[in-house]
Structure formats: C-alpha cells, structure tokens
Amino acid sequence: MTDLPHAEDLTAATVFEAEITDPDELGGATRKQIRREQRRILFRSPAFIVGVLIVGFWIFSALFPGVLSTWGPKDFVTTDDGAALVREPPSSDAWFGTDRVGRDVYSRVIHGARPVLIVAPVAAAIAVAAGTLLGLVIGYYKGWVDELVSRIIEGFLSVPVILLAIIVLFTFGSSRPVIIGTIAILFTPVVARTIRAATLAEAQLDYVTSAKMRGENGFFIITREILPNITNIIVVELTVRLGFAIFTVATLAFLGIVADDLTDADWGVDVSENYEQIANDVWWPTVFPALAIASIVIAVNLIADSIDKATRA
Amino acid sequence: MLRYVLRRLALSLVTLLILLIVITLIPNLAPGDPARKIAGAFASPERLQSVTESLGLDDSIPEQFIDLIGDVVTLDFGDSFTRPGQSVFGLVRAALWNSFKLVLFALAITLPISIGAGIWAAYKKDSIADRSIVTVGLALSSIPEFVSGVILQAFLAVPIAFFKVSADPPPGASLATNLNFLLLPALSVLIVYFGYIARITRAGTITSLDADYTRTAFMKGLTTRQVFRRHVLRNALQPTVAVTGTQLGYLFGGLVGLEFVFNYPGLGRLILDAARGADYPVLRGGVVTVALIYMLATLGADLIIAWMNPRARLAQGGEG
C-alpha cells in the first residue's frame, strides 16, 4: 500500500499470527478470562503507559489549553516594561522562545493540539468503521463483488494517500468536514483489505461452518459470529490508522491545506511558516511544534504496538 | 512463469483503468466550473472556451475517459496550463529524474542499514540489541518526513556546514556534491523506513531460522555465515522485497513534504504545484506516472520473489 504502510506490516502480521480461538470450544468465562489477562499484560507494559501519558497530555492540552499556557496563541509576548519580544530564543520569559512576530511558541504548541486531535481521531474512526463493514462483506461473500472491490482497493492503493488527498482537497476545497471525509475515504481501502484477510481466515473455521449448518443467515454470521472474533484486529487497526491520520493531517497542514475556519494554532502550519528561518539559526519556532507532532505519533505507535502484543500474548 | 507474469500484468492493467476512471471523474465532480477556476475569475469567454476544450470538459465522461487512455498510451498529456509552452512529458520527465536520484540514494542508505539491523535483531532475538532495534524503529517510523527533515536541518545542517539545508545542488555539480546535498533528505527516509524494514526483515529471518532446512544446514556442519548466505537469507528476505516494492510508489510520489522542506523539485512537488494551480494536464500526467511506478515496482518485487522461491513461483503460476 502506498499510504504509509508500516501499518500493513503490523496488521498483516496480526492476521497471520493472531491466535484464533474457537468460541465453541471455549466457555464464555474462559474468553472473559483471556480478555482480563490481556488487559493485565497491557496495563503493565511500559510502552503502553508512556504512550497513554503522552497522548493524555495532548488531549488535556486540546481540551484546556488555557490551563497550561500563560499567553493566548495569537498574543504578542511583552516583557514587564512593555517591550516586545521577537525571535527571542528560549528563556524563562518564553520557555520555547518567540516566533518572528513575537508570539509565544510554547503557548502555540499547547493550543496546536486541538485541530489535530479533532480531525485525526474522527477520520480514523470513520475509516475503520467503513473499512470493517466492507472487509467483512467482501471477505465473507467472496465472488465477483469481492473481485471487483479488491481491484478498486488496489487502484486506490497505487497512489500515495497524501497525493490523492492533495488533489481532492484542492479540487473540493478544504473545510474541516471535507478534510475529515477525504482522509476517511482514502483510509477505508487499506482497512478493508486487512479486515477482508482476517474474515477470510475466520470463515474457514469450524464455528462458521457450524453456524451455516444451523441455517443462520449471512448477516447473523458476520455480525454475531465473525465480528466478535476479530475485535482485537479492529482495535489494533484503529490505533494504527490513528497514527497515520495524525501523520496525514500534519503533512496536509504543513503543505497549507488546513480548515479555512482555522483554529488559532496548528503544528503543521507553524512548521511551514518558520522552517525557512532554520538556516538563520532560528530553530525554536520550527523544532518545538515538529517535536510535538513527533511525540504524539510516537505515543500512538507505542500504544498500537502494546495492544497488538497484548492481544497476541 | 510466463503465465504468472501475464496474469499479474492483466491485474495491474485493470487496477490502472480503475485509477484512470477516478482521475477522469475528479474535475467533473468538482464544484463550480473547473475551467473558470483555471482561467481565473476575470478570463474572457474565449479563454474560458479554450480551457474547457483543452480539458475536454465539453465531451461526455466516457469520451474523456477514452481520451485519457489515449494520453496514457502515447505518454502525451499535452501542455501545462500554468507553464505555457512546456509539455507535461518534459516536466514529468525532469521531476521523475530528480525523484529517481533521491529514491536511489535513499534506498542505498536505508536498505543495507535496515536489513542488517533486522537480521542482527533476529539472530540476537530477545536480547537488548533486539529490543532496542524494534522499539527505536517503531518509535521513529511514521514520524512525518517533513518533521524529521526540519529536525535534521536544525541539528545537523545549521551547526555543521557539511550538511546542506537545500537538496538542490548548484548546476553542474559533481556526483559527490549531488550526493552531499541529497544526504539529509535520504536520512529522513531512513528514519521513516528503518523500523518498518528492520521489523519485516526480523520477522522473516526468525521464521526462516526456525525452519527445518536451517536446522538441517547447521547439522550438516556448515558455519553460521554459510547457513545465512545459502539458506536463511534467500527465504527470510522475501517479505522485505515485497514491502520495498510496494513502497517505491510512495517514495516517488509521496515525499511531498520532504521535497518541500529541502526545496527539491521531485515528482511530489510537481504534483503539489499542479494541484495548487489547477494544472490538470500536469496533475494527470504526474499521478499516472506515480501509479505506473507502483505497478512496475510491485510486479518487479513479485518476480524477484518468484526467482528467490521456486515454490511461490509454481504455486502462483499453477493458479493462473
């Protein structure tokens, strides 16, 4: 796939190695025990704890930026005697320094968490919901619909998501709903492919065959038999997609594609407005928002990986 | 084998046709008159008409689709709207060459380091080295390349004159100078892909090390080096080859942010600028080029795997 793909690896590996448990053999209590055991492993994993702490910090910043920062994102920083501080390196007055017009970089970083944390999770959730539905249906029924949909999925995957997003958003304009919708649609094919593979594997197991022999209809088998058995894969897929959604949102913002009804501060926008000054050694207005993007992506990756490991343990 | 190749080609062709349908539909679905958008709000009716005609928007959608197929077959997408007198072919070729140089150099750095780390991690499975390679790789991967790009600029290019902030060398520079300018963007690619490729290689190597044929090879008395060279790697690296193939399309067209940060005129930049200026001919030519690269690269990867693993070759050929 051409959207960044690390995900694929993760998910493909998951599908391949996922412990496939047959619910007919396991009583309800056993499955509950397995889940509880998985949660225990998860909550003890240092990577998971670090990831949750970092993501938690950014969620808090997005919800209550005023609590963590003294200046507003558009305020000009002044010293006590009223002098403006422009392009000031990090100091006790401005922890992360000030940018070329004299705004506080630290306050902008705190306020910049909001746009990413609105767009990326919503887009990832829609994509995973749509992709799961599509993947379940084509994976269970197979046949010519599967053949056709799989070709269309391949077609989408042959061009990098970021390129398609650029084209769509320049053509259709970039309000927030359009950005969310575009990312959701462009992420759906890869989710569908992963879920399709998982569904194909599940559909060969005895419990599906016995449900068919009981005379259950396809809808029942998909929603009540297969779906509960691939929730682990869906959860991992959701976290992995979230990471890529943040990647995509940040890159689009960096390229100047942000919601017109812009928000006061945005990490990607701040990087793009300031990076040319790096050559003049004014690194702080670029590096801090860049590190913010890196930190949240790393945190989401750590969470995705620990969930993946815990569900396989 | 031939049957297998033909089947793969046919599937790629269907995929390409589906993509062309999407590309045809986009300007037709766009709100407002795309010709108006391109020609500007104050364009004369004549200018508007000529833009509409050159886009083929007067024709029905199936006709536009057929025209686009013709463009792809002849590799002639006409002239750019925003850069008068310049053919799409010429613009794409120049950008493609630039992307090619960057991708080749980036892979020359990324693949040996990542594959080496992956094999080492598998060999030393569950050691500290293994855990660090996996965790660091995971943490660094999927950091957007423009982010690692600006961080490298700030911490390497500014203090150390050897590293360059721009990737575009002065004209007529030597090969060494060219590579010097391309070093930081290539390192950004390494940061993104290291974890991914190391992980895939590690997983492949572990599977291969556990296999019976590896045990047999060790029991025959071969040295570790011989076992790796003759038996393990041939099997272990197949997933790595497959993944590298699927990533080539991304490397050629998806590094938009990176090309932007380092002011490098590659394919991603060309397509971004074309989208900004509603330069549909360049846009089409660029996107089709990226898709073709993806298809050729995945096909190439499959063929290499078939060569590495006769079993895969027979299985897929027999199915076709």
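So, here is what we can say about the structure in this document.

Each value, and the rule that gives it
Residues numbered from 1 in each chain as written. Chains lettered and ligands numbered in written order. Predicted model: local features only at pLDDT ≥ 70, side-chain atom pairs only at ≥ 80, totals over all residues. Heavy atoms only, no water. Helix = DSSP H or I, 4+ residues; strand = E, 2+ residues; numbered from the N terminus. Buried < 20%, exposed > 50% of the residue type's maximum accessible area, 1.4 Å probe, protein only. Contact = heavy atoms within 4.5 Å. Areas by Shrake-Rupley, 256 points an atom, 1.4 Å probe, with all protein chains shown as cover. Lys, Arg positive; Asp, Glu negative; His and termini not counted. Charge placed at Lys NZ, Arg CZ, Asp CG, Glu CD. Buried area = accessible area lost by both parts, 1.4 Å probe. Salt bridge = Lys/Arg side-chain N within 4 Å of Asp/Glu carboxyl O. Polar contact = N/O pair within 3.5 Å; in protein donor to acceptor, adjacent residues only side chain to side chain. Nonpolar A, V, L, I, M, F, W, Y, C, P; charged D, E, K, R; others polar. Core = buried A, V, L, I, M, F, W, Y, C linked by side-chain atoms within 4.5 Å. Phe/Tyr/Trp six-rings, centres within 6.5 Å; stacked < 30°, edge-to-face > 60°. Lys NZ or Arg CZ within 6 Å of the ring centre and 35° of its normal. Patch = residues over 30% accessible without salt bridge, like charges linked within 9 Å, V, L, I, M, F, W, Y side chains within 5 Å. Expected span 1.5 Å × (residues − 1). Bend = angle between axes of the 7 residues up to and from the residue. Axes fitted to C-alpha atoms, helices over the stretch in contact; angles between N-to-C directions. Parallel < 35°, antiparallel > 145°, perpendicular 65-115°, else oblique. Left-handed = near helix turned anticlockwise from the far one by under 90°.

## Re the overall build of chain B
On a plain count of helices and strands, chain B comes out with 15 helices and zero strands. Dimensions of chain B along its principal axes, counting C-alpha atoms only, are 80 × 60 × 35 Å. By residue count, 53% of the 320 residues in chain B fall in the buried class. When contacts within chain B are restricted to residue pairs at least 6 apart in sequence, long-range pairs at least 24 apart make up 72% of them. Just so you have it, chain B exposes about 14400 Å², and 66% of that area is on carbon and sulfur atoms. The centroid of the 26 positive side-chain charges in chain B is displaced by 18 Å from the centroid of its 21 negative side-chain charges.

## Observations concerning the environment of Ala-121 of chain B
All names here are of chain B. Take Ala-121: it is sitting in helix α5 (residues 88-123). By relative accessible area, Ala-121 is classed as buried at 0%. Ala-121 sits 78 residues away from Arg-199 along the chain, and the two C-alpha atoms are 8.8 Å apart. Contact partners of Ala-121, with chain neighbours within four places excluded, come to Asp-130, Ile-133 and Arg-202.

## Quick notes on the interface of chain A and chain B
In this complex, chain A contributes 46 residues to the contact, which on the side of chain B involves 52 residues. The contact between chain A and chain B buries some 4600 Å² in all, and 76% of this surface belongs to carbon and sulfur atoms. Its salt-bridge partner being Asp-305 of chain A, residue Arg-199 of chain B comes within 2.8 Å of it at the nearest N-O pair. Where chain A packs against chain B, one counts six residue pairs in polar contact (both at pLDDT 80 or more). Secondary structure elements with two or more residues in the side of chain A that touches chain B: α1 (6-17), α7 (143-157), α8 (161-172), α12 (231-254) and α14 (284-312) of chain A. If you tally residues by element for the side of chain A that touches chain B, the top one is α14 of chain A, at eleven residues. The residue makeup of the side of chain A that touches chain B, split by class, is 32 nonpolar, eight polar and six charged.

## A closer look at the side chain of Gln-64 of chain B
Along the chain, the position of Gln-64 of chain B falls in helix α4 (residues 61-74). Not counting residues up to four positions away in its chain, the partners in contact with Gln-64 of chain B are Thr-24, Asn-28, Gly-56, Leu-57 and Asp-59 of chain B.

## With respect to the nonpolar core
All names here are of chain A. Residues Ile-166 and Trp-267 are the most contacted members of the largest nonpolar core, which totals 173 residues. With 15 residues, the single largest contributor to this core is α14. If sequence neighbours within four positions are ignored, Trp-267 has contacts with Trp-58, Arg-108, Val-109, Gly-112, Ala-113, Val-116, Pro-289, Ala-292, Ile-293 and Ile-296.

## So, the side chain of Ser-150 of chain A
Mapped onto the fold, Ser-150 of chain A is located in helix α7. Sequence-distant contacts of Ser-150 of chain A, that is, excluding residues within four places in its chain, are made with Ile-138 and Arg-196 of chain A.

## What to know about the packing of aromatic side chains
Considering all chains together, one arrives at 20 aromatic pairs over all chains under this definition. Relative to Phe-100 of chain B, the ring of Trp-97 of chain B lies with its centre 5.8 Å away and its plane at 20°, an arrangement referred to as stacked. Here Trp-97 of chain B and its partner Phe-100 of chain B are both found in helix α5, three residues apart, which amounts to about one turn of the helix. With a centroid separation of 6.4 Å and 50° between ring planes, the pair formed by Trp-120 of chain B and Tyr-123 of chain B is classed as tilted. Here the residue Trp-120 of chain B and the residue Tyr-123 of chain B both occupy positions in helix α5, the gap between them amounting to three residues, near one helical turn. Aromatic rings pair up to connect Trp-95, Phe-96, Tyr-106, Trp-283, Trp-284 and Phe-288 of chain A together with Phe-155 of chain B into one cluster. Positioned over the ring face of Phe-181 of chain B is Lys-164 of chain B, at 5.7 Å from the centre of the ring. Across from the ring centre of Trp-307 of chain B, 5.6 Å away, lies the NZ or CZ of Arg-234 of chain B, which sits over that ring.

## With respect to the pattern of salt bridges
Close approach of charged atoms allows side chains of opposite charge to pair. Residue and element names in this part refer to chain A. Tallying each qualifying case throughout the model produces 16 salt bridges over all chains. Among the ionic pairs, Arg-196 bridges to Asp-146, the shortest N-O distance being 2.7 Å. You can see Arg-196 sitting in helix α9 (residues 176-203) and its partner Asp-146 sitting in helix α7, a full 50 residues away along the chain. Assessed through its relative accessible area of 22%, Arg-196 is described here as partly exposed. When its relative accessible area of 6% is taken as the criterion, Asp-146 is described as buried. Among the ionic pairs, Glu-225 bridges to Arg-214, the shortest N-O distance being 3.1 Å.

## Regarding a negative patch on the surface
Taken together, Glu-53, Asp-58, Asp-59, Glu-63 and Asp-67 of chain B make up a surface patch of like negative charges. As for its position among the elements, Asp-58 of chain B is in the loop between α3 (45-55) and α4.

## Topic: α5 of chain B
The end-to-end C-alpha distance of α5 of chain B, which contains 36 residues, comes to 49 Å, matching closely the 52 Å that a straight helix rising 1.5 Å per residue would cover. Of all the bends found along α5 of chain B, the most pronounced is centred on Leu-107 of chain B and spans about 25°.

## Describing the packing of helix α11 (residues 238-253) of chain B against helix α14 (residues 280-308) of chain B
Axis angle and axis distance: for two packed helices, these are the angle between their axes and the distance between the axes, and together they describe the pair. All names here are of chain B. Between α11 and α14, the shortest axis-to-axis distance is 8 Å and the interhelical angle comes to 170°. Comparing their axes, α14 and α11 come out roughly antiparallel. At the point where α11 passes α14, the crossing takes the right-handed sense. Contacts from Gln-238, Val-241, Ala-242, Gly-245, Thr-246, Leu-248, Gly-249, Phe-252 and Gly-253 of α11 reach α14 at Val-290, Ile-293, Tyr-294, Ala-297, Thr-298, Ala-301, Ile-304, Ile-305 and Met-308. Here the residues of the contact of α11 with α14 sort into twelve nonpolar, six polar and no charged.

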